[in-house]
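What follows is the residue order along each chain.
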Amino acid sequence: MFHFSNLVRSKGDPKIISTGPSSLTSADRLARGLGWFSIAVGTLELLAPHRVTNALGMQGREGLVRAYGLRELFAGVMTLSVEKRAGLMSRVAGDGLDMVTLASELRPSNPRAGTVLAAMVMVGGLTALDYMCAQDLKAQHDPRRGRKRLYTDRSGYPKGIAAARKAALPRPAQSTAAS
C-alpha cells in the first residue's frame, strides 16, 4: 500500500506499511470537521460576498461579509491547531455576531426574510455544536482527570539503589603474587 508520507521520509527512517486505529476522540474529529467547515465558509464569504448578500437580501453589506469571512478563516485555522478549544470558542463568539447581524435583516421589507430565518436556524445549530465540542475538549484535557502518577518507589538507578551502593563501595585491593 502506498503512503504519501513515505515520500518525505529520510533514507534511514522506517517506511509506513499500514496505519493503526486513530487516537483521535470523537470531539477531536468533530473539531476538525468544524474547523474545515469554518475555512470553507470563510473562503466563500471572502471571495464571493455578493452571492451571500444577494441570498440574504443584504445588498450593500459586502465589506461586512468579507470581514466576517476573515474571522471565519482565522477561527477555522485555530480550530485545526493545537488550540482547538480556543478556536471553537471564537467560533461561538463569531456565531453570536452572525446571529445579531442576521436578526437585523429579519424585517418585513426584506424579500429574503425566509432565507435569513433558515440561516439563523443553521447558525444556531452550529453554535450548539461548537459549544458542546469545546466543552467535551475541556473535559477531555482536564489536568485533574485521571489518577496522579507517583514515582516515590523509583530510585532512578537502572539496577536499583542496592546495586548502586554496592558498586560505590571501595573494593579490597588484590595483590598479585609474583611466582
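Above this text is the structure in question.
Residues numbered from 1 in each chain as written. Predicted model: local features only at pLDDT ≥ 70, side-chain atom pairs only at ≥ 80, totals over all residues. Heavy atoms only, no water.

It is worth spelling out helix 5 (residues 113-140) at this point. Taking 1.5 Å of rise per residue, 28 residues should cover 40 Å, and helix 5 covers 40 Å from first to last C-alpha, within 8% of that figure. Every buried residue of helix 5 is accounted for by Val116, Ala119, Met120, Val123, Thr127, Asp130, Cys133, Ala134, Leu137 and Gln140. Against helix 1 (26-47), helix 2 (49-56) and helix 4 (84-104) lie the buried residues of helix 5. (Helix = DSSP H or I, 4+ residues; strand = E, 2+ residues; numbered from the N terminus. Expected span 1.5 Å × (residues − 1). Buried < 20%, exposed > 50% of the residue type's maximum accessible area, 1.4 Å probe, protein only. Contact = heavy atoms within 4.5 Å.)

This brings us to helix 1. Look at helix 1: 32 Å from first C-alpha to last across 22 residues, which is about the 32 Å you get at 1.5 Å a residue. Restricting attention to buried positions, one finds in helix 1 the residues Ala27, Asp28, Ala31, Leu34, Gly35, Ser38, Ile39, Gly42 and Glu45. In an axial view of helix 1, the angular spread of the buried residues amounts to 145 degrees, which keeps them on one side of the axis. Residues of helix 1 that are exposed and point more than 90 degrees away from the buried face comprise Ser26, Trp36 and Leu47. The elements touched by buried residues of helix 1 are helix 2, helix 3 (62-80), helix 4 and helix 5. (Arc of directions from axis to C-beta.)

In this section: the packing of helix 1 against helix 3. Helix 3 packs onto helix 1 with a crossing angle of 155 degrees between their chain directions and a minimal axis gap of 7 Å. It follows from the interaxial angle that helix 1 and helix 3 lie roughly antiparallel. Of the two possible hands of crossing, helix 1 and helix 3 adopt the one that is left-handed. Residues Ala31, Arg32, Gly35, Trp36, Ser38, Ile39, Val41, Gly42, Thr43, Glu45 and Leu46 of helix 1 pack against Val65, Arg66, Tyr68, Gly69, Leu70, Glu72, Leu73, Ala75, Gly76, Val77, Thr79 and Leu80 of helix 3. By residue class, the composition of the contact of helix 1 with helix 3 is 12 nonpolar, 7 polar and 4 charged. (Axes fitted to C-alpha atoms, helices over the stretch in contact; angles between N-to-C directions. Parallel < 35°, antiparallel > 145°, perpendicular 65-115°, else oblique. Left-handed = near helix turned anticlockwise from the far one by under 90°. Nonpolar A, V, L, I, M, F, W, Y, C, P; charged D, E, K, R; others polar.)

In this structure, Val52, Leu56, Met58, Val65, Leu102, Val116, Ala119, Met120 and Val123 together form the largest nonpolar core, which totals 9 residues. Those elements that place two or more of their residues in this core are helix 2 and helix 5. Of the residues forming this core, the biggest block, 4 residues, is contributed by helix 5. Residues in contact with Met58, not counting those within four places in the same chain, are Thr53, Thr101 and Glu105. Core analysis: the next-biggest nonpolar cluster, separate from the first, contains 7 residues, Ala31, Leu34, Cys133 and Leu137 among them. (Core = buried A, V, L, I, M, F, W, Y, C linked by side-chain atoms within 4.5 Å.)

Turning our eyes to something else, we now look at the packing of aromatic side chains. This structure, assessed with the given rule, holds 0 aromatic pairs. A cation over an aromatic ring shows up here: Arg71 above the ring of Tyr68, its NZ or CZ 4.8 Å from the ring centre. (Phe/Tyr/Trp six-rings, centres within 6.5 Å; stacked < 30°, edge-to-face > 60°. Lys NZ or Arg CZ within 6 Å of the ring centre and 35° of its normal.)

Before going further, it helps to spend a moment on the packing of helix 4 against helix 5. Working note: a packed helix pair is described by the angle between its axes plus the distance between those axes. Where helix 4 meets helix 5, the axes come as close as 9 Å, and the angle between the chain directions of the two elements is 160 degrees. The orientation of helix 4 with respect to helix 5, classified from their angle, is roughly antiparallel. The way helix 4 lies across helix 5 gives a crossing that is left-handed. Of the residues contributing to the contact of helix 4 with helix 5, the split by class is 15 nonpolar, 3 polar and 7 charged.

Let's shift gears to the side chain of Arg71. Position of Arg71 among the secondary structure elements: in helix 3. Polar contacts involving the side chain of Arg71 include one to the side chain of Glu72, which spans 3.3 Å. Side-chain polar atoms of Arg71 contact the side chain of Asp98, separated by 3.0 Å. Beyond its immediate stretch of four places on either side in the chain, Arg71 contacts Gly94, Leu97 and Asp98. (Polar contact = N/O pair within 3.5 Å; in protein donor to acceptor, adjacent residues only side chain to side chain.)

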